[in-house]
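Now for the letters of each chain:
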Amino acid sequence: MSSPTRRRYYPKLSLLLVMVFLCAMAVREKPALLQFTDTSGKLQPVRTQADWDKKRQQILEGMQLAMGPLPQTKSLPVPEIEILESVKLNGFTRQKIRFLAAPGEYVHALLYLPVPVKPDEKFPSMLVLHGTGAKGKWLVDSSEAASNRAVASELAHRRYVVIAPDYPSFGDLTDHDFTKDRYQSGTMQAVFNHIRCVDLLHSLQQTDPERTGVIGHSLGGHNAMFAGAFDPRLKVIVASCGWTPFRYYNAGKEVSERYGGALGPWAQDRYMPLLRDQYKLDARLFPFDFDEVIAALAPRTFFSNSPLNDSNFNVEGVRKGIEAASEVYRFVKAERNLIVRYPDAAHDFPESARFEAYDVIDRVLKK
């Protein structure tokens with residue numbers, strides 16, 4: 001499937017890293033997770049925390065080679081909320097809001113505010129990311145969500161401040177034109193928006209900035225991982241049906257043919273078109289993979305719900321990705337913070353796994 005031509009804007013990464021990744025395109029094997037590239041372009045083993053910091057930065061740079069550069073947020077003002085609708089529910093208020101993430105760039109979201117039981121009560125907060133669907137943010141609210149998907153409402157009932165934004169091209173952002181924005185990919189625009197959602201959460205009087213996490217299903221699952229990689233303020237990351245190494249991804253024959261190859265769906269304008277235009281839909285050439293994203297989350301808590309019968313995100317690949325990322329979690333002495341469950345289900349977030357994920361979030365954010 002052809003896509004509109006996007007502006008060519010590549011990340012301002014070090015020349016060394018660009019050369020390393022371009023050279024890597026000619027080989028099949030990527031460096032091991034506990035190897036980094038030194039200033040001379042040679043691979044070195046990760047032996048110290050400083051070595052790992054270099055490797056982690058190289059992972060983030062690889063992600064930006066596929067997604068485009070992440071714009072800076074430090075100089076931007078605190079987001080100002082415009083309340084479009086407010087409804088009082090049992091134990092919390094749900095607001096439909098919008099705010100400017102950057103000049104001319106609105107984010108539409110649902111904001112859930114628990115009713116305090118004591119003066120000046122501070123709550124932990126969660127960024128909740130929806131799956132693929134025209135309704136966008138409403139897909140995680142109990143009023144519209146499918147079975148096992150009302151994550152935002154369920155966390156609000158557990159007394160979290162919750163923000164659930166629309167992904168560009170869904171919900172109130174349905175008419176977004178990816179050919180006219182400043183981003184190389186819809187994925188990077190979403191990462192930027194999600195970081196700004198965390199900025200908004202931390203600006204609220206009701207929240208404790210030291211206790212914030214992210215959770216998502218499917219589209220929201222891998223975007224939870226991406227947000228967690230780029231924003232270290234997210235202390236716990238939960239992905240449901242959101243990932244498998246690219247070479248294991250299966251969109252099905254019909255979808256693959258529609259998008260020009262098995263990995264074509266990842267290269268839509270709303271995701272990462274460079275995977276097609278620059279890396280030829282060849283997973284061997286991609287400058288990052290999901291085991292690296294998980295490694296970049298360490299030592300923070302990562303919970304993966306990876307059903308045995310998920311037809312998109314192959315469970316065999318998940319097992320291999322977890323095995324690889326486990327090496328990094330062991331290196332940083334955080335093995336217990338890497339958690340994966342394999343329920344006997346299809347592309348779903350069944351109650352057993354979902355409520356265990358909530359218990360993990362509670363352990364991290366409600367200490």
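Please read these numbers as outputs of a predicted model, since none were measured by experiment.

How each quantity is defined
- Residues numbered from 1 in each chain as written.
- Predicted model: local features only at pLDDT ≥ 70, side-chain atom pairs only at ≥ 80, totals over all residues.
- Heavy atoms only, no water.
- Pairing = 2+ DSSP bridges.
- Helix = DSSP H or I, 4+ residues; strand = E, 2+ residues; numbered from the N terminus.
- Right-handed = clockwise from strand over helix to strand, strands pointing away.
- Phe/Tyr/Trp six-rings, centres within 6.5 Å; stacked < 30°, edge-to-face > 60°.
- Buried < 20%, exposed > 50% of the residue type's maximum accessible area, 1.4 Å probe, protein only.
- Core = buried A, V, L, I, M, F, W, Y, C linked by side-chain atoms within 4.5 Å.
- Contact = heavy atoms within 4.5 Å.
- Axes fitted to C-alpha atoms, helices over the stretch in contact; angles between N-to-C directions.
- pLDDT = per-residue confidence, 0-100.
- Salt bridge = Lys/Arg side-chain N within 4 Å of Asp/Glu carboxyl O.

Participant: When you look at the pairing of strand β11 (residues 338-341) in this model, what are you seeing that I'm missing?
Facilitator: The two faces of the sheet receive side chains in turn, since in a regular strand these alternate between them. Relative to β11, strand β10 (residues 301-305) is paired through four bridges, and the arrangement is parallel. Paired with Phe 303 across the two strands is Ile 339, which belongs to β11. Of the crossover connections in this fold, the one passing from β10 over helix α9 (residues 315-331) to the parallel β11 is right-handed.

Participant: Could you clarify how one ought to interpret the packing of aromatic side chains in this entry?
Facilitator: Aromatic ring pairs are defined here through the distance separating the ring centres and the angle between the ring planes. The full count for this structure, using the stated rule, is 16 aromatic pairs. Note on Phe 226 and Phe 290: the rings are 5.8 Å apart at their centroids and 20 degrees apart in plane angle, and the pair reads as stacked. Of this pair, Phe 226 sits in helix α5 (residues 219-230) while Phe 290 sits in helix α8 (residues 290-297), and the two are 64 residues apart along the sequence. Accessibility classification places Phe 226 together with Phe 290 in one group, the buried group.

Participant: It is not clear to me how the nonpolar core should be interpreted in this structure. Could you clarify?
Facilitator: In summary, soluble globular proteins display a tendency toward joint burial of nonpolar side chains. Core analysis: the largest hydrophobic core is formed by 76 residues, its most contacted members being Met 63, Ile 163 and Phe 302. It is helix α4 (residues 186-203) that provides the largest number of residues to this core, a total of eight residues. Setting aside chain neighbours within four positions, we find Met 63 in contact with Phe 226, Ala 229, Phe 230, Phe 288 and Val 293. Listed in part, the 26 residues of the second largest apolar core include Phe 92, Tyr 112, Ile 339 and Leu 365.

Participant: Would you explain the sheet that holds strand β3 (residues 82-89) in this entry?
Facilitator: Hydrogen bonds along the backbone pair up the strands of a sheet, which may run parallel or antiparallel. With mixed pairing, the nine strands of this open sheet are ordered in space as β3-β4-β5-β7-β6-β8-β9-β10-β11. Each edge of the open sheet is held by one strand with a lone partner, namely β3 and β11. Between one strand axis and the next, the sheet turns by 20 degrees as a mean value, whatever way the strands run. In the sheet, strand β4 (residues 92-102) pairs with strand β5 (residues 105-114) via 10 bridges, with the strands oriented antiparallel. By the bridge assignment, Lys 96 is partnered in β5 with Leu 110. Across the sheet, α4 touches β4, β5, β6 (123-129), β7 (161-165) and β8 (207-217), and the angle it forms with β4 is around 125 degrees. Helix-sheet contacts for α9 involve β10 and β11, and the interaxial angle to β11 is about 165 degrees.

Participant: What is the right way to look at the confidence of the model for the chain in this model?
Facilitator: Low-confidence regions, as indicated by low pLDDT, have predicted coordinates that should not be scrutinised in detail. Counting all residues, the mean pLDDT for the chain is 93, and 92% of those residues have values of 70 or more. Considering only residues more than four positions removed or in separate chains, one finds that residues 15-28, a stretch of pLDDT under 50, has 17 contacts.

Participant: What is the right way to look at the pattern of salt bridges in this model?
Facilitator: Opposite charge on two side chains permits pairing when their charged atoms draw close. A full pass over the atoms with the stated rule returns 23 salt bridges. Via salt bridges that share partners, Lys 96, Lys 137, Asp 166 and Asp 172 belong to a single interconnected network.

Participant: Is there a simple way to explain unusual backbone geometry in this structure?
Facilitator: Excluding glycine, residues mostly carry a negative phi; peptide bonds, for their part, are mostly trans. A cis amide bond links Ala 298 with the next residue in sequence, Pro 299, at an omega value of 5 degrees. With respect to the helices and strands, the residue Pro 299 is situated in the loop between α8 and β10. At Ser 169, a position not held by glycine, the phi torsion is positive, near 95 degrees. If you trace the backbone, Ser 169 turns up in the loop between β7 and α4. For Ser 218, which is not glycine, the phi dihedral falls at a positive 60 degrees. Considering the arrangement of structural elements, one finds Ser 218 in the loop between β8 and α5.

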